[in-house]
Amino acid sequence: MDSLELSGPVRERVRSARRVVVFSGAGVSRESGLDTFRGAGGLWERMRPEELATPEAFRADPAKVWRWYAWRWRQASEALPNPAHHAVARLETVFPSYMVVVTQNVDGLHQRAGSRHLLELHGTILRAFCNRCGRTQDMGEAIAGSPEEPPVCSCGGRFRPAVVWFGESLPEDTLAEACEAASSCDLFLSVGTSSTVYPAAGLIELAHRAGACLIEVNPEPTPFSGLMDLRLAAPAGEVLPALADAMERSRCPST
Ligand code: BJW
Ligand code: ZN
(Lines give C-alpha, C1' and ligand atoms only; values in the text may rest on other atoms or scores of the structure.)
(Ligands and ions follow the chains in the order given, each with its own letter.)
Protein backbone atom coordinates (compact mmCIF):
# COMPACT_ATOMS: atom_id res chain seq x y z
CA MET A 1 0.00 0.00 0.00
CA ASP A 2 1.50 3.34 -1.09
CA SER A 3 -0.10 5.92 1.11
CA LEU A 4 -2.96 6.24 3.54
CA GLU A 5 -4.80 9.40 4.54
CA LEU A 6 -6.44 9.54 7.95
CA SER A 7 -9.85 11.21 8.07
CA GLY A 8 -10.04 14.52 9.96
CA PRO A 9 -11.46 13.23 13.27
CA VAL A 10 -9.11 10.22 13.47
CA ARG A 11 -6.14 12.38 12.45
CA GLU A 12 -6.94 14.77 15.28
CA ARG A 13 -7.19 11.91 17.81
CA VAL A 14 -3.85 10.56 16.60
CA ARG A 15 -2.26 14.02 16.73
CA SER A 16 -3.23 14.55 20.36
CA ALA A 17 -2.78 10.96 21.63
CA ARG A 18 -0.62 10.61 24.74
CA ARG A 19 -1.27 7.01 25.74
CA VAL A 20 -1.31 4.36 23.03
CA VAL A 21 -1.98 0.63 23.16
CA VAL A 22 -1.31 -1.78 20.29
CA PHE A 23 -3.18 -5.05 20.84
CA SER A 24 -1.93 -7.83 18.58
CA GLY A 25 -2.81 -11.39 17.64
CA ALA A 26 -1.74 -14.21 15.37
CA GLY A 27 -2.64 -12.33 12.16
CA VAL A 28 0.35 -10.00 12.70
CA SER A 29 2.69 -12.95 12.25
CA ARG A 30 0.78 -14.44 9.29
CA GLU A 31 3.04 -12.66 6.79
CA SER A 32 6.06 -14.11 8.61
CA GLY A 33 4.74 -17.52 7.57
CA LEU A 34 3.19 -18.48 10.91
CA ASP A 35 -0.30 -19.96 10.99
CA THR A 36 -3.21 -18.27 12.72
CA PHE A 37 -5.42 -20.33 15.04
CA ARG A 38 -8.86 -19.70 13.61
CA GLY A 39 -10.23 -19.06 10.15
CA ALA A 40 -9.28 -20.45 6.76
CA GLY A 41 -5.98 -22.34 6.95
CA GLY A 42 -5.76 -21.73 10.72
CA LEU A 43 -4.01 -24.23 12.99
CA TRP A 44 -7.28 -25.39 14.48
CA GLU A 45 -8.89 -26.22 11.19
CA ARG A 46 -6.59 -29.25 11.32
CA MET A 47 -6.74 -30.12 15.05
CA ARG A 48 -8.91 -29.57 18.08
CA PRO A 49 -7.63 -27.01 20.60
CA GLU A 50 -8.76 -29.09 23.54
CA GLU A 51 -6.48 -31.88 22.30
CA LEU A 52 -3.45 -29.62 22.40
CA ALA A 53 -3.75 -26.28 24.19
CA THR A 54 -5.12 -27.36 27.58
CA PRO A 55 -3.57 -28.75 30.78
CA GLU A 56 -5.86 -31.78 30.40
CA ALA A 57 -4.40 -32.51 26.97
CA PHE A 58 -0.86 -32.33 28.37
CA ARG A 59 -1.74 -34.71 31.20
CA ALA A 60 -3.44 -37.14 28.81
CA ASP A 61 -0.73 -37.21 26.11
CA PRO A 62 2.35 -35.14 27.03
CA ALA A 63 4.40 -36.41 24.07
CA LYS A 64 1.76 -35.37 21.50
CA VAL A 65 1.46 -31.87 22.96
CA TRP A 66 5.27 -31.54 23.28
CA ARG A 67 5.82 -32.51 19.64
CA TRP A 68 3.22 -29.96 18.48
CA TYR A 69 4.95 -27.22 20.42
CA ALA A 70 8.40 -28.36 19.23
CA TRP A 71 7.11 -27.93 15.66
CA ARG A 72 5.63 -24.51 16.47
CA TRP A 73 8.87 -23.47 18.24
CA ARG A 74 10.88 -24.39 15.15
CA GLN A 75 8.53 -22.37 12.92
CA ALA A 76 8.75 -19.34 15.22
CA SER A 77 12.54 -19.54 15.52
CA GLU A 78 12.98 -19.73 11.76
CA ALA A 79 10.50 -16.91 11.05
CA LEU A 80 11.54 -13.29 10.65
CA PRO A 81 9.62 -10.22 11.80
CA ASN A 82 7.60 -8.78 8.89
CA PRO A 83 6.81 -5.13 8.00
CA ALA A 84 3.87 -5.18 10.45
CA HIS A 85 6.14 -5.97 13.44
CA HIS A 86 8.61 -3.31 12.30
CA ALA A 87 5.86 -0.70 11.91
CA VAL A 88 4.59 -1.45 15.43
CA ALA A 89 8.12 -1.05 16.81
CA ARG A 90 8.44 2.29 14.99
CA LEU A 91 5.28 3.58 16.71
CA GLU A 92 7.24 3.75 19.98
CA THR A 93 9.10 6.73 18.58
CA VAL A 94 5.92 8.28 17.12
CA PHE A 95 4.27 8.18 20.56
CA PRO A 96 7.18 8.74 22.96
CA SER A 97 5.09 9.65 26.03
CA TYR A 98 3.50 6.19 26.44
CA MET A 99 3.07 3.28 24.08
CA VAL A 100 2.71 -0.40 24.93
CA VAL A 101 2.30 -3.50 22.78
CA VAL A 102 -0.06 -5.98 24.39
CA THR A 103 0.33 -9.20 22.45
CA GLN A 104 -1.43 -12.54 22.58
CA ASN A 105 1.37 -13.98 20.46
CA VAL A 106 3.96 -16.32 21.93
CA ASP A 107 6.42 -16.19 19.00
CA GLY A 108 8.80 -13.43 20.16
CA LEU A 109 8.61 -11.57 16.82
CA HIS A 110 7.63 -8.18 18.31
CA GLN A 111 10.79 -8.22 20.48
CA ARG A 112 12.91 -9.24 17.53
CA ALA A 113 11.51 -6.28 15.54
CA GLY A 114 12.60 -3.96 18.36
CA SER A 115 9.46 -3.35 20.43
CA ARG A 116 10.67 -2.63 23.97
CA HIS A 117 7.52 -2.00 25.99
CA LEU A 118 5.75 -5.31 25.51
CA LEU A 119 3.26 -7.34 27.53
CA GLU A 120 2.92 -11.02 26.59
CA LEU A 121 -0.54 -12.02 27.76
CA HIS A 122 -0.33 -15.67 26.70
CA GLY A 123 3.30 -16.29 27.64
CA THR A 124 6.10 -17.34 25.33
CA ILE A 125 7.00 -20.40 23.31
CA LEU A 126 10.68 -19.55 23.73
CA ARG A 127 10.84 -20.89 27.29
CA ALA A 128 9.71 -24.02 29.12
CA PHE A 129 9.00 -24.53 32.81
CA CYS A 130 8.66 -27.50 35.11
CA ASN A 131 5.04 -28.20 35.98
CA ARG A 132 6.05 -29.23 39.52
CA CYS A 133 8.85 -26.92 40.79
CA GLY A 134 8.57 -24.07 38.24
CA ARG A 135 12.22 -24.22 37.12
CA THR A 136 12.60 -22.65 33.68
CA GLN A 137 14.80 -23.40 30.71
CA ASP A 138 15.23 -22.30 27.12
CA MET A 139 12.68 -24.09 24.92
CA GLY A 140 15.25 -24.72 22.16
CA GLU A 141 17.60 -26.43 24.62
CA ALA A 142 14.74 -28.44 26.09
CA ILE A 143 13.71 -29.65 22.61
CA ALA A 144 17.31 -30.39 21.58
CA GLY A 145 17.73 -32.58 24.66
CA SER A 146 14.35 -34.27 24.28
CA PRO A 147 12.63 -33.79 20.92
CA GLU A 148 9.93 -36.45 21.24
CA GLU A 149 8.61 -35.98 24.77
CA PRO A 150 8.79 -33.33 27.49
CA PRO A 151 12.05 -33.49 29.46
CA VAL A 152 11.81 -34.76 33.03
CA CYS A 153 13.01 -32.27 35.67
CA SER A 154 15.38 -33.26 38.50
CA CYS A 155 12.36 -32.88 40.83
CA GLY A 156 10.45 -35.53 38.86
CA GLY A 157 8.12 -33.00 37.18
CA ARG A 158 7.75 -32.45 33.45
CA PHE A 159 8.80 -29.41 31.43
CA ARG A 160 6.07 -27.73 29.37
CA PRO A 161 6.02 -24.63 27.14
CA ALA A 162 5.63 -21.36 29.04
CA VAL A 163 2.37 -20.50 27.28
CA VAL A 164 -1.12 -19.97 28.72
CA TRP A 165 -3.52 -22.77 27.90
CA PHE A 166 -7.32 -22.65 27.97
CA GLY A 167 -8.60 -22.73 31.54
CA GLU A 168 -5.32 -21.33 32.92
CA SER A 169 -4.92 -17.89 34.41
CA LEU A 170 -3.02 -15.23 32.54
CA PRO A 171 0.10 -13.87 34.31
CA GLU A 172 -1.48 -11.67 36.98
CA ASP A 173 0.85 -8.64 36.87
CA THR A 174 0.94 -8.62 33.07
CA LEU A 175 -2.85 -8.74 32.80
CA ALA A 176 -3.22 -6.01 35.45
CA GLU A 177 -0.80 -3.74 33.56
CA ALA A 178 -2.60 -4.42 30.27
CA CYS A 179 -6.01 -3.62 31.81
CA GLU A 180 -4.63 -0.42 33.31
CA ALA A 181 -3.13 0.58 29.95
CA ALA A 182 -6.37 -0.13 28.05
CA SER A 183 -8.49 1.69 30.65
CA SER A 184 -6.37 4.82 30.44
CA CYS A 185 -5.39 5.01 26.77
CA ASP A 186 -6.62 7.51 24.20
CA LEU A 187 -5.64 5.49 21.12
CA PHE A 188 -6.11 1.71 20.82
CA LEU A 189 -4.95 -0.20 17.75
CA SER A 190 -6.15 -3.80 17.42
CA VAL A 191 -4.21 -5.82 14.83
CA GLY A 192 -4.58 -9.36 13.53
CA THR A 193 -6.76 -10.81 16.25
CA SER A 194 -10.14 -12.53 15.99
CA SER A 195 -10.91 -10.91 19.39
CA THR A 196 -12.69 -14.04 20.60
CA VAL A 197 -10.42 -15.23 23.44
CA TYR A 198 -10.96 -13.78 26.91
CA PRO A 199 -9.90 -12.03 29.06
CA ALA A 200 -7.62 -10.59 26.31
CA ALA A 201 -10.51 -9.47 24.06
CA GLY A 202 -12.02 -7.62 27.02
CA LEU A 203 -9.22 -5.04 26.65
CA ILE A 204 -11.06 -3.65 23.61
CA GLU A 205 -14.13 -3.08 25.77
CA LEU A 206 -12.00 -1.35 28.42
CA ALA A 207 -10.50 0.99 25.83
CA HIS A 208 -13.94 1.70 24.37
CA ARG A 209 -15.31 2.56 27.81
CA ALA A 210 -12.31 4.86 28.36
CA GLY A 211 -13.35 6.78 25.25
CA ALA A 212 -10.24 5.84 23.26
CA CYS A 213 -10.09 6.16 19.49
CA LEU A 214 -10.30 2.56 18.23
CA ILE A 215 -8.60 1.31 15.06
CA GLU A 216 -8.77 -2.27 13.77
CA VAL A 217 -6.49 -3.86 11.15
CA ASN A 218 -7.85 -7.22 9.99
CA PRO A 219 -8.93 -8.53 6.57
CA GLU A 220 -11.95 -10.13 8.29
CA PRO A 221 -14.50 -8.49 10.59
CA THR A 222 -14.44 -9.29 14.32
CA PRO A 223 -17.12 -9.08 17.02
CA PHE A 224 -15.77 -5.58 17.82
CA SER A 225 -15.62 -4.19 14.28
CA GLY A 226 -18.81 -2.18 14.82
CA LEU A 227 -17.17 -0.19 17.65
CA MET A 228 -14.21 0.95 15.57
CA ASP A 229 -13.52 4.56 14.58
CA LEU A 230 -11.43 3.21 11.70
CA ARG A 231 -11.33 -0.27 10.20
CA LEU A 232 -8.62 -1.24 7.74
CA ALA A 233 -9.61 -4.50 6.03
CA ALA A 234 -6.19 -5.52 4.71
CA PRO A 235 -3.19 -7.64 5.72
CA ALA A 236 -1.21 -6.04 8.54
CA GLY A 237 2.12 -6.26 6.70
CA GLU A 238 0.68 -4.14 3.90
CA VAL A 239 -1.32 -1.59 5.83
CA LEU A 240 0.62 -1.04 9.07
CA PRO A 241 3.68 0.62 7.49
CA ALA A 242 1.35 3.05 5.67
CA LEU A 243 -0.64 3.61 8.87
CA ALA A 244 2.54 4.29 10.85
CA ASP A 245 3.60 6.80 8.15
CA ALA A 246 0.20 8.51 8.31
CA MET A 247 0.40 8.64 12.11
CA GLU A 248 3.89 10.11 11.92
CA ARG A 249 2.63 12.80 9.52
CA SER A 250 -0.29 13.61 11.86
CA ARG A 251 2.15 14.10 14.74
CA CYS A 252 4.58 16.28 12.70
CA PRO A 253 2.42 17.97 10.05
CA SER A 254 5.43 19.74 8.53
CA THR A 255 7.08 16.45 7.39
C1 BJW B 1 -4.79 -11.12 9.70
C2 BJW B 1 -3.92 -11.51 8.71
C3 BJW B 1 -3.04 -10.55 8.27
C4 BJW B 1 -5.11 -13.19 9.14
N5 BJW B 1 -3.05 -9.35 8.84
N6 BJW B 1 -4.78 -9.91 10.24
C7 BJW B 1 -15.45 -15.25 28.87
C8 BJW B 1 -16.39 -15.71 27.97
C9 BJW B 1 -16.26 -16.98 27.39
C10 BJW B 1 -15.17 -17.79 27.68
C11 BJW B 1 -14.23 -17.31 28.55
C12 BJW B 1 -14.38 -16.07 29.14
N13 BJW B 1 -13.30 -15.85 29.93
C14 BJW B 1 -12.48 -16.93 29.85
C15 BJW B 1 -13.03 -17.83 29.02
C16 BJW B 1 -12.44 -19.15 28.64
C17 BJW B 1 -11.35 -19.04 27.60
C18 BJW B 1 -11.91 -18.37 26.35
O19 BJW B 1 -11.71 -17.21 26.08
N20 BJW B 1 -12.57 -19.12 25.50
C21 BJW B 1 -13.11 -18.56 24.25
C22 BJW B 1 -12.51 -19.31 23.08
C23 BJW B 1 -14.60 -18.57 24.29
N24 BJW B 1 -10.22 -18.31 28.14
C25 BJW B 1 -9.30 -18.89 28.89
O26 BJW B 1 -9.36 -20.06 29.20
C27 BJW B 1 -8.15 -18.02 29.37
N28 BJW B 1 -7.96 -18.20 30.77
C29 BJW B 1 -8.79 -17.69 31.67
O30 BJW B 1 -9.71 -16.96 31.36
O31 BJW B 1 -8.49 -18.03 32.98
C32 BJW B 1 -9.50 -17.79 34.00
C33 BJW B 1 -10.57 -18.84 33.81
C34 BJW B 1 -10.25 -20.16 33.95
C35 BJW B 1 -11.25 -21.13 33.78
C36 BJW B 1 -12.56 -20.75 33.40
C37 BJW B 1 -12.84 -19.40 33.23
C38 BJW B 1 -11.84 -18.44 33.44
C39 BJW B 1 -6.84 -18.47 28.74
C40 BJW B 1 -6.80 -18.25 27.28
C41 BJW B 1 -5.48 -18.80 26.72
C42 BJW B 1 -5.44 -18.76 25.21
N43 BJW B 1 -4.34 -19.55 24.77
C44 BJW B 1 -4.08 -19.64 23.34
C45 BJW B 1 -2.97 -20.70 23.11
C46 BJW B 1 -1.63 -20.14 23.58
C47 BJW B 1 -0.52 -21.10 23.39
C48 BJW B 1 -0.27 -21.40 21.96
O49 BJW B 1 0.13 -20.52 21.17
O50 BJW B 1 -0.45 -22.57 21.59
O51 BJW B 1 -3.67 -18.37 22.83
S52 BJW B 1 -5.54 -19.99 22.38
C53 BJW B 1 -5.09 -19.01 20.99
O54 BJW B 1 -6.07 -17.96 20.82
C55 BJW B 1 -3.76 -18.33 21.38
C56 BJW B 1 -4.00 -16.92 20.91
O57 BJW B 1 -3.14 -16.02 21.59
C58 BJW B 1 -5.46 -16.71 21.18
C59 BJW B 1 -6.09 -15.59 20.41
O60 BJW B 1 -6.05 -15.87 19.05
P61 BJW B 1 -5.74 -14.70 18.00
O62 BJW B 1 -4.39 -14.17 18.24
O63 BJW B 1 -6.86 -13.73 18.00
O64 BJW B 1 -5.67 -15.51 16.63
P65 BJW B 1 -6.88 -16.04 15.71
O66 BJW B 1 -6.35 -17.13 14.88
O67 BJW B 1 -8.10 -16.32 16.49
O68 BJW B 1 -7.21 -14.77 14.79
C69 BJW B 1 -6.30 -14.33 13.80
C70 BJW B 1 -6.91 -13.12 13.12
O71 BJW B 1 -5.95 -12.60 12.23
C72 BJW B 1 -8.16 -13.46 12.30
O73 BJW B 1 -9.19 -12.56 12.69
C74 BJW B 1 -7.74 -13.20 10.85
O75 BJW B 1 -8.76 -12.62 10.06
C76 BJW B 1 -6.61 -12.22 11.04
N77 BJW B 1 -5.61 -12.24 10.00
N78 BJW B 1 -4.20 -12.86 8.40
C79 BJW B 1 -3.97 -9.08 9.80
N80 BJW B 1 -2.16 -10.87 7.29
ZN1 ZN C 1 11.00 -29.43 38.60
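That block above? That's the structure.
Cut-off values and rules
- Residues numbered from 1 in each chain as written.
- Chains lettered and ligands numbered in written order.
- Predicted model: local features only at pLDDT ≥ 70, side-chain atom pairs only at ≥ 80, totals over all residues.
- Heavy atoms only, no water.
- Helix = DSSP H or I, 4+ residues; strand = E, 2+ residues; numbered from the N terminus.
- Expected span 1.5 Å × (residues − 1).
- Buried < 20%, exposed > 50% of the residue type's maximum accessible area, 1.4 Å probe, protein only.
- Contact = heavy atoms within 4.5 Å.
- Salt bridge = Lys/Arg side-chain N within 4 Å of Asp/Glu carboxyl O.
- Axes fitted to C-alpha atoms, helices over the stretch in contact; angles between N-to-C directions.
- Parallel < 35°, antiparallel > 145°, perpendicular 65-115°, else oblique.
- Left-handed = near helix turned anticlockwise from the far one by under 90°.
- Nonpolar A, V, L, I, M, F, W, Y, C, P; charged D, E, K, R; others polar.
- Near = heavy atom within 4 Å.
- Polar contact = N/O pair within 3.5 Å; in protein donor to acceptor, adjacent residues only side chain to side chain.
- Pairing = 2+ DSSP bridges.
- Core = buried A, V, L, I, M, F, W, Y, C linked by side-chain atoms within 4.5 Å.

Draft legend 1. Molecular detail of helix H10 (residues 236-251). In this model, H10 (16 residues) spans 21 Å end to end at C-alpha, consistent with the 22 Å of a helix rising 1.5 Å per residue. Among the residues of H10, Ala236, Gly237, Val239, Leu240, Ala242, Leu243, Ala244, Ala246, Met247 and Ser250 are the ones counted as buried. Looking at the buried side of H10, the elements it contacts are helix H1 (8-16), helix H5 (83-94), strand S7 (187-191), strand S8 (213-217) and strand S9 (230-232).

Draft legend 2. Focus on the pattern of salt bridges. For the structure on display, the rule yields eight salt bridges. Arginine 15 is the partner of glutamate 12 in a salt bridge, and the nearest nitrogen-oxygen pair spans 2.8 Å. With glutamate 12 and arginine 15 both in helix H1 and three residues apart, the pair spans about one turn of that helix. The residue aspartate 245 makes a salt bridge to arginine 90 at a minimum N-O spacing of 3.1 Å. Taken together, the positions of aspartate 245 in helix H10 and arginine 90 in helix H5 put the pair 155 residues apart, joining distant regions of the chain. The partly exposed category is assigned to aspartate 245, whose relative accessible area is 31%. Assessed through its relative accessible area of 27%, arginine 90 is described here as partly exposed. Salt bridges linked by common partners bring Arg90, Asp245 and Glu248 together as one network.

Draft legend 3. Local environment of the packing of H5 against H10. Where H5 contacts H10, the two axes come as close as 7 Å, and the packing angle between them is 15°. For the element pair H5 / H10, the angle class is roughly parallel. Regarding H5 and H10, the two cross each other, and that crossing is left-handed. Across the interface between the two elements, Pro83, Ala84, Ala87, Val88, Arg90, Leu91 and Val94 from H5 touch Ala236, Gly237, Leu240, Pro241, Ala244, Asp245, Met247, Glu248 and Arg251 from H10. Of the residues contributing to the contact of H5 with H10, the split by class is eleven nonpolar, one polar and four charged.

Draft legend 4. Main features of the site of ligand 1. Every one of the 35 residues lining ligand 1 counts as a neighbour, but Arg38, Tyr69, Arg72, Thr193 and Ser194 are closest to it. Residue valine 164 places a main-chain N or O atom 2.9 Å away from a nitrogen atom belonging to ligand 1. Examining the composition of the shell around ligand 1, we find that three residues originate from one element, helix H4 (residues 62-78), more than from any other. The class makeup of the residues in the shell around ligand 1 is 17 nonpolar, twelve polar and six charged.

Draft legend 5. Inspection of the pairing of strand S6 (residues 159-163) at higher detail. Burial within S6 is extensive, with five of its five residues counted as buried. Relative to S6, strand S4 (residues 123-130) runs antiparallel, the two being bridged by five bridges. Across the sheet, the residue bridging to cysteine 130 is phenylalanine 159, located in S6.

Draft legend 6. Expanded view of the nonpolar core. One finds Phe95, Leu240, Leu243 and Met247 to be the most contacted residues of the largest nonpolar core, which totals 33 residues. Among the elements of the structure, H1, strand S1 (20-24), H5, strand S2 (99-103), S7, S8 and H10 are those that each provide at least two residues to this core. Here this core gets eight residues from one element, more than from any other, and that element is H10. Leaving out residues up to four positions away in the same chain, leucine 243 has contacts with Leu4, Leu6, Leu189, Ile215, Val217 and Leu232. One finds Val65, Trp68, Tyr69 and Met139 within the second-largest nonpolar core, a separate group that totals 23 residues.

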